[in-house]
Amino acid sequence: MAYYTNPRKYFNELPMHGARPKLLFEGDSWFSIPDLMHIPAQLGHMLDASVLCVAAPGDTLVKMAEGAQLSTLKWLIHDVIDGQRWDAILLSAGGNDIIGEGMQYFLKNTDPSSDQVEDYINQEVLSDCVALMDARLNAIVALRDASIANPSTPILIHTYSYLTPRNVAHKVLAWGVSGPWIYPYMVNKGIVDCALQKAIVVYLLDRFHALLSDIEQRPNANVHVVDTRLALPRLACAERGRQSKYWYDEIHPTSKGFALLARDYFVPKLKSLGLV
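Sequence order sets the numbering: in each chain, residues are counted from 1 along the sequence as written. Where local features are concerned, this predicted model is filtered to residues with pLDDT of at least 70; where side-chain atom pairs are given and counted, the filter is 80 or more; whole-chain, interface and lining totals use all residues. Hydrogens are left out, water is left out, and the side-chain values use all remaining heavy atoms of the structure.

Chemist: Teacher, can you tell me more about the sheet that holds strand β4 (residues 88-92) here?
Modeler: Within a beta sheet, neighbouring strands are joined by backbone hydrogen bonds and run either parallel or antiparallel to one another. Strands qualify as paired when DSSP identifies two bridges or more between them. Numbering of helices and strands starts at the N terminus; helices are DSSP runs of H or I of at least 4 residues and strands are runs of E of at least 2. In space, the 6 strands of this open sheet follow the order β1-β3-β2-β4-β5-β6, with parallel pairing throughout. Unpaired on one side and paired on the other, β1 (2-4) and β6 (223-226) mark the two borders of the sheet. Within the sheet, the average angular offset between the axes of one strand and its neighbour, ignoring direction, is 20°. Relative to β6, strand β5 (residues 155-158) is paired through 4 bridges, and the arrangement is parallel. Bridge pairing in β6 places I155 opposite V223. Axes here mean lines fitted to C-alpha atoms, for a helix over just the part in contact, with angles spanning 0 to 180 degrees between N-to-C directions.

Chemist: I would appreciate a short explanation of the environment of I215 in the present structure.
Modeler: Tracing the backbone shows I215 in helix α8 (residues 194-216). Burial here depends on accessible area, computed with a 1.4 Å probe over protein chains only, as a share of the maximum for the residue type. Under 20% is buried, over 50% is exposed, and the range in between is partly exposed. Since its relative accessible area comes to 4%, I215 is described here as buried. Separated by 77 residues in the primary sequence, I215 and N138 place their C-alpha atoms 8.3 Å from one another.

Chemist: I'm lost on the pattern of salt bridges in this one. Help?
Modeler: Opposite charge on two side chains permits them to pair, given that their charged atoms come into close proximity. A pair is scored as a salt bridge if a Lys or Arg side-chain nitrogen falls within 4 Å of a carboxyl oxygen belonging to Asp or Glu. Considering all chains together, one arrives at 9 salt bridges under this definition. Ionic pairing is found between R229 and D206, a salt bridge with its closest N-O pair at 2.8 Å. Of this pair, R229 sits in the loop between β6 and α9 (255-272) while D206 sits in helix α8, and the two are 23 residues apart along the sequence. We classify R229 as buried; its relative accessible area is 14%. By relative accessible area, which is 28% here, D206 ends up partly exposed. R218 is the partner of D214 in a salt bridge, and the nearest nitrogen-oxygen pair spans 2.6 Å. Linked through salt bridges whose partners overlap, the residues forming this network are D134, D214 and R218.

Chemist: Would you mind showing me how to read the pairing of β5 here?
Modeler: Consecutive side chains of a regular strand alternate in pointing toward one face of the sheet and then the other. Burial along β5 is two-sided: I155 and I157 facing one way and L156 and H158 facing the other are all buried. By the bridge criterion, 3 bridges tie β4 to β5 in an arrangement that is parallel. The residue bridging L90 from the neighbouring strand is L156, located in β5.

Chemist: For this particular structure, what's the right way to read the nonpolar core?
Modeler: Side chains that are nonpolar tend, in soluble globular proteins, to be buried together. Nine residue types can take part in a nonpolar core, namely buried Ala, Val, Leu, Ile, Met, Phe, Trp, Tyr and Cys, and a core is a set of them joined through side-chain atoms within 4.5 Å. One finds L43, L90, I98, I200 and L204 to be the most contacted residues of the largest nonpolar core, which totals 85 residues. Counting residues per element, this core draws most heavily on α8, at 9 residues. Two residues form a contact once any of their heavy atoms are found within 4.5 Å. When near neighbours in sequence (up to four residues on either side) are disregarded, I200 contacts L107, V117, Y120, I121, M186 and I191.

Chemist: Would you mind going over the pairing of strand β2 (residues 22-27) with me for this structure?
Modeler: Across the 6 residues that make up β2, a large majority, 6, are buried. Of the two faces of β2, both are covered, the one formed by K22, L24 and E26 as well as the one formed by L23, F25 and G27. As paired elements, β2 and strand β3 (residues 50-53) share 4 bridges and run parallel to each other. Note that in β3 the partner of L24 across the bridge is L52. The handedness of the β2 to β3 crossover, carried by helix α2 (residues 39-47), is right-handed. Pairing between β2 and β4: 5 bridges, direction parallel. The residue bridging F25 from the neighbouring strand is L90, located in β4. We call a crossover right-handed when, viewed with the strands running away from us, the connection from the first strand over the helix to the second turns clockwise.

Purely geometric numbers; function is a separate question.
Given below as structure tokens:
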């Protein structure tokens, strides 16, 4: 495996990587959480791949597709002078927009007696969020399409997994944002029933999946959805305070969870596309 987070070092040492599959990762903490063997590290090991990962914890899709981050992505994929022809571009993007920080803007609680998920969602605000994510993903696809070296390089993006909101933070003091990420926003809105909280997460991730599926089906998109919604068992409400085999904290899988995602979902998708 050849795993890098520094582009300059990666390209300096690229001649030593031989014929390994060359994978570029951009995204959030599911691709970059520092103390767990996340998906890029798992795939690098499983596939003996040449991996460059420029993901960062806390990143939103909106941030990835504008300003300096979009410029960096362009630098990495546009041509073979500063970048290269990648076998695949993999994104972990949208989670912080739809079930992280962004959800504080579209959660509501005007009828606490209701058990209908839709009554707790400001549909207008959520639709605006989804439209913005659509525009940002289109910007990344357009950047790929306009590149010299990678116009036909497939983009893979995953859907995250259904989870149980709970008051469990990530216990790494050096990491500034330690969570929890979903539970406080729900409690602040008076949404305290665990079953309802879980149903809201399902609703939001299904809405995100619908967006990704729509993009995937557009003509010549060459975008491929890795549907991981059902990949990891959710904790039962009665078990929210317990340790989990597959969930390290509220929103991050354990290294075993990431291994399952990589082995059972990402590797088969890459193989089905003839990329590894």
